[in-house]
Amino acid sequence: MEKIQNSVIRCIILAAGLSKRMKSYQTKIRMPFFGKPMIEHILEAVSRAGIEQPVLVVSPGDFAALEALYQDRAKVVVQQAPLGTGDAVKAGLTAITDLQTDCLILCGDTPLLTSQTLHDFIQTCLSSRASAGVLTTNIDHPGHYGRIIRGPDQQFHSIVEYKDATDAQRDIHEINSGVYFFHTGLLREALQNLSTDNQAKEYYFTDTLSYLRQKGHLVHTYRINGEEEILGINTKIDFARALQMANRRYLEQLMSEQGVVILDPANTYIESTVHIGKDTIIKPFTYLEGQISIGERCQIGPFVCMRGNKPIQIQDSAMVGPFSSLRGGTELEEDVHIGTFVELKMTKIKSKSKAMHLSYLGDALIGNRVNIGAGTITCNYDGKKKHLTRIEDDVFIGSDTIMVAPLTIHDHAYVAAGSTLTEDVPAYALALGRARQINKPEWSLQKSPLREKDTSQK
Ligand code: UD1
Ligand code: CA
């Protein structure tokens, strides 16, 4: 993306709405969306487009939290009451003093917008020498977006909100994306002339564009294709649609740029914080969330969940699944196999080790070539503290072993099936931690004297 030439561009991001249509306890721009708060997506797109220190307009209730998070990346200002998008821009403009600049205006609820589109939009606004510009798109089902009204010459005339539109206007398929570009001085002038004379009784920012047009200024329109990039999240239904689009976009990037094999993209969720190497196969119903790195030629899935607030690292040729759950702090070296109904947490497993069935391994360090039998459990938590289990190289853990941490099983040791271990096991030893089996001969015959011994050949 080439750099935008000869221009100082400021930016205002609107994020002070009440999000009533979301029916949530928190405002939508703070909701986690595809791995980070919704607002962070637009902040990143702005920064990648080369625009520094945008002004972020927020509600009084969000101010403290958002300032703490973003004060080094944005100037956070408050809109005292949600009187409409026009009033919000006015609040944002108090933080911009140089009226000789240009100003990009964005909504905080469009997380799919890319820096490339912002860049192209700004370029066409600058080269058209217009006083203001708006990004538009044509969509089949324009729903509640504002409609772009054009004059007989096809030039921009005004934007009509859905609530205020006539039936004929609602039939228009070209909509306002909520992305605008203004000469800052003219923006200030236009804002002084807004009214609340509309169905919502709000200051509509969109009216600034028709004001400038009426004053004889050129208002540029830049039309892109499709709704995907500009999808505004107003409801939980929009949220789900946008999330699906963000996910699909990232899966396509993994396939086309990283050479990852994804067998069923429609049933796979991978956040953009997950890095995956070449020829790794992702099988259906895989859910990967958070800081995860997966090497090359691994096989993941089907039905695998990896998530947690600490990083997860998986090296080349590891196999995970089906039905495995990997939580934060899991590290698997090359050729490790993790199988059905195995849960790992804060556990490092060195190369060529296997835990194939029904196990919980938490707070454990496991060496090379270790075999963990079915039903093995680390008892890592005593109700107050977490304790470590160490299993050294070439250890064989028999099925149904309970390891009460802290303890160490030294290299080449064997643990008999069904053991409960409370002490360390020396290298090369066999540990038996189970009650000895007693067989009482012909016990069932004595218990019920009427039963006769079956002597027929079996
Ligand atoms: C707005 C546009 C509409 C456009 C759509 C694109 C207006 C009047 N309408 O409608 O033409 O098609 O965006 O997505 O601008 N906000 C504030 N303070 C307020 C009100 C809103 O900061 O007082 C913020 C919201 O947090 C949001 C953004 O402004 O991030 C847009 O507000 P929203 O209520 O979602 O506007 P739409 O109805 O979607
Ligand atoms: Ca919106």
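Residues numbered from 1 in each chain as written. Chains lettered and ligands numbered in written order. Predicted model: local features only at pLDDT ≥ 70, side-chain atom pairs only at ≥ 80, totals over all residues. Heavy atoms only, no water.

Take asparagine 176: it is sitting in strand S10 (residues 174-183). In terms of polar contacts, asparagine 176 uses its side chain to reach the backbone amide nitrogen of glycine 178, at 2.8 Å. A polar side-chain atom of asparagine 176 sits 2.9 Å from a polar atom in the side chain of tyrosine 180. When sequence neighbours within four positions are dropped, the list of residues in contact with asparagine 176 reads Val134, Leu135, Tyr145, Gly146, Ile148, Ile159 and Thr206. (Helix = DSSP H or I, 4+ residues; strand = E, 2+ residues; numbered from the N terminus. Polar contact = N/O pair within 3.5 Å; in protein donor to acceptor, adjacent residues only side chain to side chain. Contact = heavy atoms within 4.5 Å.)

Glancing now at the coordination of the calcium ion (ligand 2). Looking at the calcium ion (ligand 2), one finds its protein donor set to be Asp109 (OD) and Asn234 (OD1), positioned 2.4 to 2.5 Å from the metal centre. One end of the pair, aspartate 109, is in the loop between strand S6 (102-107) and helix H4 (115-128); the other, asparagine 234, is in the loop between strand S11 (219-225) and helix H8 (236-258), with 125 residues separating them in the sequence. In this structure, aspartate 109 and asparagine 234 share a single accessibility class: buried. (Donors = N, O, S within 2.8 Å, 3.2 Å for Na, K, Ca; no water. Buried < 20%, exposed > 50% of the residue type's maximum accessible area, 1.4 Å probe, protein only.)

Within the element layout of this structure, threonine 389 appears in strand S28 (residues 389-391). For threonine 389, a relative accessible area of 0% gives the class buried. Placed 282 residues apart in sequence, threonine 389 and cysteine 107 show a C-alpha to C-alpha distance of 50 Å. The contact partners of threonine 389, leaving out residues within four places of it in the chain, are Asp363, Ala364, Leu365, Thr378, Met403, Ala405 and Leu407.

Let us look at the nonpolar core. Leu104, Leu106, Met306, Ile314, Ile338 and Ile409 are the most contacted members of the largest nonpolar core, which totals 90 residues. Sort the elements by how many residues they give to this core and H8 lands first, with seven residues. Residue assignment places this core across two domains, with domain 1 (9-230) and domain 2 (259-431) each supplying three or more. Excluding residues that lie within four positions of it along the chain, methionine 306 makes contacts with Tyr287, Leu288, Glu289, Ile292, Ile294, Ile300, Ile312, Ile314, Val320 and Leu326. With 30 residues, the next largest nonpolar core counts Ile96, Ala132, Val134 and Leu187 among its residues. (Core = buried A, V, L, I, M, F, W, Y, C linked by side-chain atoms within 4.5 Å. Domains from an automatic or database assignment.)

To continue, consider the packing of helix H3 (residues 85-93) against helix H6 (residues 184-191). H6 packs onto H3 with a crossing angle of 130° between their chain directions and a minimal axis gap of 10 Å. What the angle tells us is that H3 and H6 run oblique. Every pair of crossing elements has a handedness; the one defined by H3 and H6 is left-handed. Between H3 and H6, the contacting residues are Gly86, Val89, Lys90 and Leu93 on the first element and Thr184, Leu187, Arg188 and Leu191 on the second. Taken together, the residues that form the contact of H3 with H6 break down as four nonpolar, two polar and two charged. (Axes fitted to C-alpha atoms, helices over the stretch in contact; angles between N-to-C directions. Parallel < 35°, antiparallel > 145°, perpendicular 65-115°, else oblique. Left-handed = near helix turned anticlockwise from the far one by under 90°. Nonpolar A, V, L, I, M, F, W, Y, C, P; charged D, E, K, R; others polar.)

In terms of domain boundaries, the chain breaks down into domain 1 (9-230) and domain 2 (259-431). Computed from C-alpha coordinates alone, the two centres of domain 1 and domain 2 are separated by 47 Å.

Burial runs high along S10: nine of the ten residues are buried. Alignment of strand S7 (residues 132-138) against S10, held across six bridges, turns out to be antiparallel. Bridge pairing links threonine 137 to isoleucine 175 in S10. (Pairing = 2+ DSSP bridges.)

For the rest of this paragraph, the subject is the state of the cysteines. For the coordinates displayed, the defined rule picks out zero disulfides. For cysteine 125, which is in no disulfide, the shortest distance to another cysteine sulfur is to cysteine 103 and amounts to 12 Å. Cysteine 305 supplies the cysteine sulfur nearest to cysteine 298, a cysteine that is in no disulfide, at a spacing of 17 Å. You can call cysteine 298 buried: its relative accessible area is 1%. (Disulfide = S-S within 2.5 Å.)

Scanning the model with the defined rule gives 17 salt bridges in all. The partner of glutamate 44 in a salt bridge is lysine 36, with the nearest N and O atoms 3.1 Å apart. Taking the relative accessible area as the measure of exposure, glutamate 44 reaches 23% and is therefore partly exposed. The salt bridge involving glutamate 343 is made with arginine 327; its shortest N-O contact spans 2.6 Å. Of this pair, glutamate 343 sits in strand S24 (residues 337-349) while arginine 327 sits in the loop between strand S22 (324-326) and strand S23 (331-332); the two residues are 16 residues apart in sequence, bridging distant segments of the chain. By relative accessible area, which is 27% here, glutamate 343 ends up partly exposed. Residue arginine 327 is classed as partly exposed on the basis of its relative accessible area, which comes to 34%. What emerges from the salt-bridge pattern is a single network uniting Glu228, Arg248, Arg249 and Glu252. (Salt bridge = Lys/Arg side-chain N within 4 Å of Asp/Glu carboxyl O.)

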